[in-house]
Amino acid sequence: AVMRQLQWGIAGLELILSRHSNQAERERVETLEYSIDVLSAVLAERRFDGAAMAFVTGLATRLGADRVSLGLLEDGECKVRHMSHSSQFDKRMNLVRLIEAAMDEAVDQRQPMVMPAPPGGQTDERAAIRLAHDRLLAQEQGAVMSLPLYIDGEPVGALLAERPLAQPFSQSE
């Protein structure tokens, strides 16, 4: 009787593990499908500006973000070059300056920044300075994720995504 119960228990554990691995596999497949969709939209554009707009808009859609901004380094500082859902923006706007400062903060510290911090903490939780991110959050009242961008180990810019505070960014995002 004990052996039968152990066999049933093992079968139940195998079923749970199988379901969990299937869910993880489905999430991986969805991510790959979406990545291919965004990549095809980017590659369909002939010019960098069009490709960058397709990328930030596609990323904003995927993340459910209100705005995704792409900043490129110029003279050691990030300058916002593309903003999702916006073909034109005033570079003197206070919001753009706040976004650029937050991008600089992530690039200078060479680490992604997510605010508020996702449950379970960040993967690379060093003593990060988040003053520019705090200023951006004070004005926009939302969740922010900043990702430095590199080519061959050298920083070239950053991505910054924003969405409502009710939907903070998760560790997996």
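Residues numbered from 1 in each chain as written. Predicted model: local features only at pLDDT ≥ 70, side-chain atom pairs only at ≥ 80, totals over all residues. Heavy atoms only, no water.

1. Notes on the overall build of the protein chain
Cut-off, in case you're wondering: Numbered from the N terminus, helices here are DSSP runs of H or I no shorter than four residues, and strands are runs of E no shorter than two. Both definitions apply: the radius of gyration is a C-alpha atom measure, and the globule rule equals 2.2 Å times residues to the power 0.38. Note on exposure labels: buried denotes an accessible area under 20% of the residue type's maximum, exposed denotes more than 50%, and partly exposed covers the range between, all computed with a 1.4 Å probe on protein chains only. We call two residues contacting when some pair of their heavy atoms lies within 4.5 Å. Accessibility throughout is a Shrake-Rupley quantity obtained with a 1.4 Å probe, and a residue counts as covered only by protein chains that appear here. Only four residue types enter the tally: Lys and Arg on the positive side, Asp and Glu on the negative side; His and the chain ends are excluded. Charged side chains are reduced to one point each, which is NZ for Lys, CZ for Arg, CG for Asp and CD for Glu.
Of the regular secondary structure elements, the protein chain holds four helices and five strands. Going from the N terminus to the C terminus, the protein chain shows its helices and strands as α-α-β-β-α-β-α-β-β. Taking 173 residues into account, the globule formula puts the C-alpha radius of gyration at 16 Å, and the protein chain, at 20 Å, lies well above it. Principal axes of the C-alpha set define a box for the protein chain whose edges measure 75 × 40 × 35 Å. Going through the 173 residues of the protein chain one by one, you find that 34% of them count as buried. The contacts in the protein chain between residues at least 6 apart in sequence include a share of 56% that link residues at least 24 apart. For the protein chain, the accessible area works out to roughly 11,000 Å², and carbon and sulfur atoms hold 57% of it. With 18 positive and 25 negative side-chain charges, the protein chain shows a separation of 3 Å between the mean positions of the two kinds.

2. A few points about the nonpolar core
Heads up, the rule is: In this description, a nonpolar core means a group of buried Ala, Val, Leu, Ile, Met, Phe, Trp, Tyr and Cys residues linked to one another through side-chain atoms lying within 4.5 Å.
V80, I99, M103, L136 and L160 are the most contacted members of the largest nonpolar core, which has 17 residues in total. Put simply, the parts of the chain that give this core at least two residues each are β2 (77–83), α3 (94–109), α4 (131–140) and β5 (154–164). When residues of this core are assigned to their parent elements, the largest contribution, seven residues, is made by α3. With 13 residues, the next largest nonpolar core counts L63, A65, L70 and A143 among its residues.

3. A closer look at the sheet that holds strand β1 (residues 67–74)
We apply this condition: Here, a strand pair is defined by DSSP locating no fewer than two bridges between the strands. Note on method: axes are straight lines fitted to C-alpha atoms, helices fitted across the in-contact stretch only, with angles between N-to-C directions ranging 0 to 180 degrees.
Read from one edge of the open sheet, five strands run β2-β1-β5-β4-β3, paired in antiparallel fashion. Two strands close off the open sheet at either side, each with one partner strand: β2 and β3 (113–115). When strand polarity is set aside, the average angle formed by the axes of neighbouring strands in this sheet is 20 degrees. With six bridges joining them, β1 and β2 adopt antiparallel strand pairing. Counted as the bridge partner of G71 is V80 from β2.

4. Remarks on a nonpolar patch on the surface
Cut-off, in case you're wondering: Residues with no salt bridge and a relative accessible area higher than 30% make up the patches, which join like charges within 9 Å and nonpolar side chains (Val, Leu, Ile, Met, Phe, Trp, Tyr) within 5 Å. What counts as a salt bridge is simple: a side-chain nitrogen of Lys or Arg found within 4 Å of a carboxyl oxygen of Asp or Glu.
Together, V2, M3 and L6 line one region of the surface with nonpolar side chains, adding up to about 320 Å² of accessible area. Position of V2 relative to the elements: it lies in helix α1 (residues 2–44).

5. Side note on the environment of Q139
The cut-off we apply is this: The definition of a polar contact used here is a pair of N or O atoms within 3.5 Å, where within protein one atom must be able to donate a hydrogen and the other to accept one, and adjacent residues in sequence count solely through side-chain atom pairs.
With respect to the helices and strands, Q139 occurs in helix α4. Judged by its relative accessible area of 38%, Q139 is partly exposed. Residues Q139 and G157, 18 residues apart in the sequence, show an inter-C-alpha distance of 23 Å. In this view, Q139 contacts N94, L95 and L98; residues no more than four positions away in its chain are not counted. Within the structure, Q139 has its side chain in polar contact with the side chain of E140 (distance 3.5 Å).

6. Some points on the packing of α1 against helix α2 (residues 48–63)
Helix packing for two helices is described by the angle between their axes and how far apart those axes are. We count it as follows: An angle below 35 degrees is read as roughly parallel, one above 145 as roughly antiparallel, one from 65 to 115 as roughly perpendicular, and any other as oblique. Crossings are sorted by hand: turned counterclockwise from the far helix by less than a right angle, the near helix makes the crossing left-handed, and turned clockwise it makes it right-handed. Throughout, the ten residues Ala, Val, Leu, Ile, Met, Phe, Trp, Tyr, Cys and Pro are labelled nonpolar, Asp, Glu, Lys and Arg are labelled charged, and all others, Gly among them, are labelled polar.
Close contact between α1 and α2 brings their axes to 8 Å; oriented N to C, the two are set at 155 degrees. Taken together, the axes of α1 and α2 lie roughly antiparallel to each other. For the pair α1 and α2, the crossing hand works out as right-handed. Between α1 and α2, the contacting residues are E30, T31, Y34, V38, A41 and V42 on the first element and A51, A54, F55, G58, L59, T61 and R62 on the second. Its residues placed into classes, the contact of α1 with α2 shows eight nonpolar, three polar and two charged.

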